[in-house]
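For reference, the chains in residue letters:
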Amino acid sequence: MTIRLKKYFLLHVFLFATINFLFAQRQMEALDRGVVAIYKGNHHYFVSWRVLGTDAPDVAFNVYRKSGDEQPVKINAKPITGATCIIDSTAKETKVNTWFVKSIINKKEQTEKGEFTIAANAEEKPYLSIPLKNITGYVPNDLSVGDLDGDGQYDFILHQSGRGRDNSSAGLTDPPIFQAYKSDGTFLWEINLGKNIREGAHYTQFMVYDLDGDGIAEFACKTADGTTDGKGKVIGDAQADWRDTLNKRAPTYGKILSGPEFLTIFSGKTGEALATVDYIPSRGDIGAWGGVGGNGGNDRTGNRVDRFTACVAYLDGQRPSLVMGRGYYGRTVLAAFDFREGKLSSRWVFDSKDGKNPFSGMGNHNLSVADVDQDGKDEIVFGAMVVDDNGKGLYSTGLRHGDALHVSDLDPDHPGLEVFGVHEIEEGTTGPGVALYEAATGKILFKSADNEDIGRGVAANIDTTRVGAQMWWSGSPDLYTIKGEKIGLAPRSTNFLIYWDGDLSRELLNGNYIEKYGKGRIFTADGAVSNNGTKSTPSLSADILGDWREELILRSADNKELRIYTTTIPTSIRQYTLMHDPHYRLSIAWQNVGYNQPPHTGFYMGKGMKPAPKPFIKLKN
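The notes below deal with the structure included here. These numbers come from a predicted model, not from an experiment.

Moving on, we get to the overall build of the protein. Helix and strand counts for the protein come out as two helices and 43 strands. For the protein, the C-alpha radius of gyration of 24 Å lies close to 25 Å, the compact-globule estimate for 621 residues. Projected onto the principal axes, the alpha-carbon positions of the protein cover approximately 75 × 70 × 50 Å. Split into buried and exposed, the 621 residues of the protein put 61% on the buried side. The contacts of the protein with a sequence gap of at least 6 include a subset with a gap of at least 24, amounting to 59%.

Shown next as structure tokens:
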């Protein structure tokens, strides 16, 4: 009997594991090799390319260069089985040089998509340039990426921001404008959201992702009467003006607190509006968006009702869903949508309702997406609470909202993922200003800064001598281990992170420069600037080219171009592209939301890491 039970148990475990593996295969974009070459001077070019998450562990590569009309030449002496970067010292600067790679599987070279060309006698620049179609009075701001035409390369959707306003401020704003550019700089389309969508960090959230699985990314955002799509078609009433313009001294002047609200999916290829539905959640009673403590109080000036968030999540474990949010100081509503066969449909709606609900007032100025319970389906990590894949509240820590959030395997000794964040303690509220908690359960693992209002905080492995993440936050001079032990002085910046040099630890990104903890500045993007005032955030930081290190995208100081900076530091580490880690890829989708936060992987990455788990993904061409 015991043997039978044991056999039954083992069979059950095997079947469950098999079913879970099949269920967890996520549909993701098929990328080319992302070949990139940067001139380093003295006839040397740094060439790198990506390993795909679906590649066999033993895949090798040959690297070729074609100079002018000459036959391609292989520049590596033997197949490359390690890190996917190489120095080419034999290219002729007087020739048009094109680099491409071929993978080697079972000793046979494979045909690959993707190449990179540098024109003869090209200007020596440490970055790639995307010239912009400028708009008078507008400045390039947040950026997101997706394959807009199915060629395996990332293209760019840029938020051109004009005069904006914080929710707490009255006044008119300019209409938000979005532009799309191909990876070679070709301008694709422009969408003007119109005067009935307000400009500002808390209003204009946008998602770029292949939502229907056709191999081409869509663009999604909140729209209103007067929104004009990429083909010139107007959504709703082109003449409607729902702004409050009656009294310039009123706290609601310039705000949009009435009129219809929509959610629209646009074609990434053409900018055409593909589907439009009523926005969920609607405003309802604008004085009923308060909640618990501090800034959770109600108002009728549009401060709390018009705070928006957005993300993409694999709620069924296989296909992406769009999640749009409203509110976080008090009432919080998250609405999930599916875009299938050209139609938008509601999947579920989560509503914290009022201050009696334990999820009220627990949202953030940002959010994250992670499979916290390891069931193959994503949850929404929203500050001090987590919403399950089915739209039900999973738990709340009760620590209230904050400005910064980091979700990853921050402690490799502790099972599962961890969440590190800071919290606003104001207007008579009490509690820790900093907390680390278990992503699966909400169990508090570390807390500090009692009764302090903490504005910024970061968690990542930045110390190359220590395993696990380190933590630090504004107002404290100390750097902590993920176990909560003080180990030295904190970095000067409490902002973004980036993988830039050759080791597995992360570097510090702030404004237009990168620093190595304990060593100082290692890179400066001269002539480029960051966004969002003192927040000093990039247009985007993501692994979009070359090997696993991340690119830094900033606008030029004259706003005429986007500059894509990619590292030219050799590495000995092979790692598949971070964009094929679903956790990281979704981090890039939500990076533009609210107070921008750096992306993280769904596994521990840093000093002492084990090989990254092979992602359960299925690539869609």
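Turning next to the environment of Asp55. Within the secondary structure, Asp55 sits in the loop between β3 (44-48) and β4 (60-67). Looking at Asp55, the relative accessible area reads 13%, which means it is buried. Taking C-alpha positions, Asp55 is 39 Å from Ala201, a pair spaced 146 residues apart along the chain. Not counting residues up to four positions away in its chain, the partners in contact with Asp55 are Arg33, Phe61 and Lys614. Of note is the side chain of Asp55, whose polar atom sits 2.7 Å from the side chain of Arg33.

With that settled, consider the packing of aromatic side chains. Scanning the model with the defined rule gives 24 aromatic pairs in all. Taking 6.3 Å as the distance between ring centres and 80° as the angle between the ring planes, the aromatic pair formed by Tyr209 and Tyr314 counts as edge-to-face. Residue Tyr209 is found in strand β15 (residues 206-209), and its partner Tyr314 is found in the loop between β19 (308-313) and β20 (321-326); the two are separated by 105 residues along the sequence. As far as the burial class goes, Tyr209 and Tyr314 line up, both buried. Pairing Tyr499 with Trp548 gives two aromatic rings, centres 6.0 Å apart and planes at 65°, and the pair type is edge-to-face. You can see Tyr499 sitting in the loop between β35 (496-498) and β36 (507-510) and its partner Trp548 sitting in the loop between β40 (540-542) and β41 (551-556), a full 49 residues away along the chain. Across this residue pair, the class does not change: Tyr499 and Trp548 are buried.

A complete count under the given rule lists four cavities of 30 Å³ or more for this structure. Counted as a void, the largest cavity has a volume near 170 Å³. Surrounding the largest cavity, 20 residues form its lining, Asn196, Ile197, Arg198, Lys222 and Phe308 being those nearest its centre. The leading source of residues in the lining of the largest cavity is strand β16 (residues 218-223), at three residues. Split by residue class, the lining of the largest cavity holds nine nonpolar, five polar and six charged. Mapped onto the domain boundaries, the lining of the largest cavity takes at least three residues apiece from domain 2 (128-279) and domain 3 (282-370). Taken as a whole, the second largest cavity spans an internal volume of roughly 110 Å³. Ser408, Asn461, Tyr499, His600 and Met605 are, among the 13 residues lining the second largest cavity, the residues nearest its centre. Residues of the lining of the second largest cavity, tallied by class, amount to seven nonpolar, four polar and two charged.

With that out of the way, let us pick up the pairing of strand β9 (residues 115-118). Of the two faces of β9, the one holding Phe116 and Ile118 is buried and the one holding Glu115 and Thr117 is not buried anywhere. Two elements, strand β7 (residues 97-105) and β9, share four bridges in a ladder whose sense is antiparallel. Of the residues in β9, the one forming a bridge with Trp99 is Phe116.

Across the sheet, four strands lie side by side as β11-β12-β13-β14; this open sheet has antiparallel pairing. If you trace the sheet from one side to the other, it starts and ends with β11 (139-146) and β14 (187-192), each paired once. Each strand of the sheet is rotated relative to its neighbour by a mean of 20°, with strand direction disregarded. Judged from the five bridges that link them, strand β12 (residues 155-161) and strand β13 (residues 177-181) form a sheet pairing that is antiparallel. Bridging from a neighbouring strand, Leu158 pairs with Gln179 of β13.

Conventions adopted
Residues numbered from 1 in each chain as written. Predicted model: local features only at pLDDT ≥ 70, side-chain atom pairs only at ≥ 80, totals over all residues. Heavy atoms only, no water. Helix = DSSP H or I, 4+ residues; strand = E, 2+ residues; numbered from the N terminus. Rg over C-alpha atoms; globule rule 2.2 N^0.38 Å. Buried < 20%, exposed > 50% of the residue type's maximum accessible area, 1.4 Å probe, protein only. Contact = heavy atoms within 4.5 Å. Polar contact = N/O pair within 3.5 Å; in protein donor to acceptor, adjacent residues only side chain to side chain. Phe/Tyr/Trp six-rings, centres within 6.5 Å; stacked < 30°, edge-to-face > 60°. 1 Å grid on protein atoms, 1.4 Å probe; cavity = no way out; pocket = protein on both sides within 12 Å on 5 of 7 lines; lining within 4 Å. Points joined across faces, edges and corners; volume = space filled by probe spheres on them. Nonpolar A, V, L, I, M, F, W, Y, C, P; charged D, E, K, R; others polar. Domains from an automatic or database assignment. Pairing = 2+ DSSP bridges. Axes fitted to C-alpha atoms, helices over the stretch in contact; angles between N-to-C directions.

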